[in-house]
Amino acid sequence: MSRTMLTGNVAAAWGARLAGIEYLPAFPITPQTEIIETISRWIETGEMDCRMTTLESEHSMVTAAGAAAAAGVRVFTATSSQGLLYGMEMLYTTAGWRAPFVLVNVSRGLSSPITLEPDHNDILAARDSGFLQLHCATCQEVLDGVLVAYRLAEDERVRLPVIVNMDGFHLSFTREPVEITDAAAAARFLPPFDPGNLGFRAGAPLSEAVAVLGGSPYSYFRYQVHLAALNAEAVFPSIAGEFHRAFGRPFPAVETYRCDDAEVVFVMMGSFATKAKAAVDRLREAGEAVGLVRPVMLRPFPSAALREALAGKRGIAVVDQNLSPGRGGVLHTEISAALQGCAGPSPVLASFVGGLGGREIASEEFCEMAAVARRAAAEGRAPEPRLLFTEAERKEMRNLQAIALARGARERRP
Amino acid sequence: MSETRFRTMKDLPAAHLLGTGTAMCAGCGGLEALHQIYDILGEKTVFINAAGCMTLLAIYPYTPFGGSWLYSAMASAPAGAQGVRDALDILLSKGRISPEEDLTAVVLTGDGSAYGMGLSAASGTIERGLDFIYVCYDNEGYGNTGQQHSGATPHGARTSTSRGRSGFPGFKKDLFAVWVSHRPSYAATVVGSEPLDLARKIEKAKGLRGPRLILALAPCPTGWDFDPAEAARIGKLAVETGVWPLKEYFDGRVTFTRAPKKRLPVEEYLEVQGRFAHLFHPRRNEVLLGDIQAQVDAAWREAESQGLPEK
Ligand SMILES: Cc1ncc(C[n+]2csc(CCOP(=O)(O)OP(=O)(O)O)c2C)c(N)n1
Ligand code: SF4
Ligand SMILES: [Mg+2]
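Residues numbered from 1 in each chain as written. Chains lettered and ligands numbered in written order. Predicted model: local features only at pLDDT ≥ 70, side-chain atom pairs only at ≥ 80, totals over all residues. Heavy atoms only, no water.

Caption draft 1: Broad picture of the coordination of the magnesium ion (ligand 3). All names here are of chain B. Within the first shell, the magnesium ion (ligand 3) binds the protein through D111 (OD), N139 (OD1) and G141 (O), at distances of 2.0 to 2.1 Å. The exposure class assigned to D111 is buried, which follows from its relative accessible area of 1%. Assessed through its relative accessible area of 6%, N139 is described here as buried. (Donors = N, O, S within 2.8 Å, 3.2 Å for Na, K, Ca; no water. Buried < 20%, exposed > 50% of the residue type's maximum accessible area, 1.4 Å probe, protein only.)

Caption draft 2: Examining the domain arrangement of chain A more closely. All names here are of chain A. Once the domains are mapped, chain A shows domain 1 (2–247) and domain 2 (254–392). Of the residues lining the interface, 23 residues belong to domain 1; the matching set on domain 2 comes to 26 residues. When the buried area of domain 1 at its contact with domain 2 is split by residue, R127, H135 and E233 rank highest and sum to 26% of it. The tally of links between domain 1 and domain 2 comes to two salt bridges. The residue R294 makes a salt bridge to E141 at a minimum N-O spacing of 2.7 Å. Run the count over domain 1 and domain 2 and you get twelve residue pairs in polar contact (both at pLDDT 80 or more). Of all the secondary structure elements, the ones that give two or more residues to the side of domain 1 that touches domain 2 are α6 (121–125), β6 (132–135) and α9 (215–247). Across the side of domain 1 that touches domain 2, the residue classes tally to eleven nonpolar, five polar and seven charged. (Domains from an automatic or database assignment. Contact = heavy atoms within 4.5 Å. Buried area = accessible area lost by both parts, 1.4 Å probe. Salt bridge = Lys/Arg side-chain N within 4 Å of Asp/Glu carboxyl O. Polar contact = N/O pair within 3.5 Å; in protein donor to acceptor, adjacent residues only side chain to side chain. Helix = DSSP H or I, 4+ residues; strand = E, 2+ residues; numbered from the N terminus. Nonpolar A, V, L, I, M, F, W, Y, C, P; charged D, E, K, R; others polar.)

Caption draft 3: The site of ligand 1, seen in detail. Neighbouring ligand 1 are 17 residues, the closest being C53(B), G112(B), Y137(B), G143(B) and N144(B). Two or more chains meet at ligand 1, and those chains are chains A and B. Residue C53(B) places a main-chain N or O atom 2.8 Å away from an oxygen atom belonging to ligand 1. Between ligand 1 and the protein, one listed contact pairs an oxygen atom with a backbone N or O atom of G112(B) at 2.6 Å. (Near = heavy atom within 4 Å.)

Caption draft 4: Focus on the packing of aromatic side chains. The final tally for this structure, using the stated rule, is 20 aromatic pairs over all chains. Between F132(B) and Y134(B), the ring centres sit 6.2 Å apart and the planes meet at 80 degrees, which makes this aromatic pair edge-to-face. Seen in terms of ring centroids, Y134(B) and W179(B) are 5.0 Å apart; in terms of plane orientation they differ by 45 degrees. Their pairing is tilted. Within this pair, whereas Y134(B) is found in strand β4 (residues 132–138), its partner W179(B) is found in helix α5 (residues 175–180), the two being separated by 45 residues in sequence. According to the relative accessible area criterion, Y134(B) is buried, its value standing at 1%. The class for W179(B) is buried, based on a relative accessible area of 1%. Site record: aromatic cluster; members linked through ring pairs are F189(A), F236(A), F243(A), F247(A) and F251(A). Against the face of Y257(A) rests K277(A), its NZ or CZ located 5.2 Å from the ring centre. (Phe/Tyr/Trp six-rings, centres within 6.5 Å; stacked < 30°, edge-to-face > 60°. Lys NZ or Arg CZ within 6 Å of the ring centre and 35° of its normal.)

Caption draft 5: Fine view of the side chain of H135(A). Counting through the fold element by element, H135(A) comes out in strand β6. When residues no more than four places from it in sequence are discounted, the contact partners of H135(A) are I123(A), E141(A), N165(A), M269(A), R294(A), P295(A), V296(A) and L298(A).

Written out as structure tokens, the structure is:
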């Protein structure tokens with residue numbers, strides 16, 4: 001199979017093209033914009049038969065996406081950071097509509113301070129919205145993830161929207177070799193959208209998203225969303241298996257790397273996990289039994305697969321590329337909860353926060369994190385959570401602060 | 001409007017299509033207007049609703065609508081109409097639905113959303129030339145949350161967030177003009193107490209395509225503090241005093257459809273509503289009453305100076 005060099009953004013656009021999307025409500029934001037530009041070019045050249053509408057905000061964009069999916073067409077949309085939060089009200093709302101569509105989020109740190117570089121606070125803010133979440137680590141996974149996401153979203157046991165996440169810059173603007181799936185094979189894997197009972201038609205009146213009075217009907221419909229998300233965990237293996245057979249590429253809910261005999265493992269999501277992989281290789285060369293566990297699916301939370309992957313490990317270094325101020329890393333909390341009450345000796349968890357706003361996580365830091373996790377395991381006691389920041393960075397910050405605070409700093413600005 | 005099928009009151013629909021027994025207050029002017037609008041638009045519609053009083057029309061498992069309904073949020077009902085319309089067009093073009101199954105997308109929104117939070121979404125749909133009807137029932141405040149002042153609240157009115165002796169210090173925004181500046185296919189003001197005028201306008205809007213505004217003054221017994229039985233009279237007084245000019249925009253021109261020959265003094269409209277009681281009691285606030293009258297007169301003078309033709 002031949003591979004083409006594609007950025008993560010163009011891979012996402014290819015995913016949408018191969019999925020035969022019919023409708024693209026759009027709004028620009030860096031680093032996502034290349035996705036909608038690519039699709040709009042294909043629409044103009046006639047390579048794609050899709051209607052694109054540029055809304056005036058992401059709030060409207062998500063509304064239009066959900067409304068069109070509820071009306072029975074296959075919808076794709078994309079955004080990033082501030083845009084995802086601007087549309088947040090409608091993420092919850094359209095998930096409640098049980099509108100199956102796919103949204104690609106290109107992760108980018110949230111304001112303030114404003115930045116363009118990635119971390120996962122944007123996507124994690126949508127964690128409890130009812131959208132399912134797939135977190136990609138490579139450009140290939142982005143393309144594959146979009147196809148898998150439609151199968152999940154549209155499955156009649158699920159019927160929920162799905163976010164496919166990739167990291168800004170590190171994937172969105174980075175070219176990697178990607179196998180562009182054969183269109184006919186993609187169409188066999190993902191047949192045209194069967195909207196079932198969705199849709200607005202004359203003669204078949206439908207009331208959607210009506211108000212409820214009281215906690216009972218409200219609870220009922222919210223539980224339905226939860227149960228549908230749990231169904232997604234159940235149907236995922238068969239969809240992923242079918243994908244593997246059709247295209248020869250696995251798409252696991254949880255990726256494990258050199259884990260089988262590992263005593264210490266890193267747990268990380270997204271493209272920064274590739275850095276952890278490289279660290280695992282180096283540590284292995286040095287004779288250390290280290291591995292990596294990477295949740296690809298975050299919602300539904302693949303508890304069973306994670307427990308299986310983490311069973312028997314002594315120390316776990318959870319590296320969160322997000323920060324819940326006043327609590328710490330979000331993934332750390334979720335992993336702790338998943339391991340709670342498991343049979344057998346429980347691994348010791350060490351919590352690290354790193355990679356915020358695209359901050360590099362250096363090779364030595366991975367070595368240090370593995371060492372901390374190993375020591376903690378030996379002592380049988382979880383260490384204090386750590387925020388990655390080096391002495392050199394601290395010095396550099398002091399320099400920047402000195403400039404910022406200096407009188408006349410404005411005049412000296414180039 | 002010579003081509004109308006509504007020549008006299010006798011031509012109006014005899015029975016309402018919209019079901020009764022809803023959670024709206026007795027004498028709700030918004031609901032009265034909606035009844036009349038729905039009679040003409042009919043059930044081949046999908047109503048996309050913004051958060052407000054009318055959201056409680058459809059409470060699970062009941063709905064008074066024979067056609068379809070989608071509740072969206074406070075800010076983005078027009079975007080919901082965009083998604084539904086775009087999807088219907090896609091389905092039509094691919095033959096997945098027949099033209100007979102097609103629906104008209106109708107936004108149903110209060111003023112708080114229409115004049116404020118939802119304005120950007122509405123502006124976007126007009127600019128994109130969306131084929132839809134936008135119905136705003138204007139009760140001049142955030143009614144559902146207890147009548148706080150909104151961008152549609154008139155000068156001097158008491159609301160739950162303007163309780164002082166001079167009432168609301170701001171001025172009502174001119175949403176009709178905001179829409180007209182976008183050059184929509186059609187825009188009209190209506191009130192349920194003028195059913196013939198309303199019916200003709202809905203009929204006309206129904207026959208057009210593109211973005212169409214129906215801005216209905218919605219006398220609100222609960223928020224405006226008057227006896228529900230007075231709703232129709234207050235609507236009529238709004239027209240006869242010139243507070244609520246009945247007009248329409250079509251083909252680049254604004255036309256007054258019901259300009260009163262001689263306008264009644266504004267205070268006849270104000271004194272029958274509790275929300276203006278502080279202008280009369282304990283003593284008359286001559287300054288404020290004069291200001292309000294002057295605003296109405298100025299608006300009409302401006303219209304007349306532009307030589308706006310009257311039907
Ligand atoms: C984003 C958001 N903010 C606030 C609300 C609370 N809210 C619900 S209805 C409403 C008032 C809407 O006013 P208007 O559009 O005039 O409709 P009315 O209630 O008068 O019918 C408000 C503020 C909401 N639903 N959503
Ligand atoms: S508060 Fe006013 S607008 Fe709302 S239902 Fe009651 S009368 Fe109608
Ligand atoms: Mg209102």
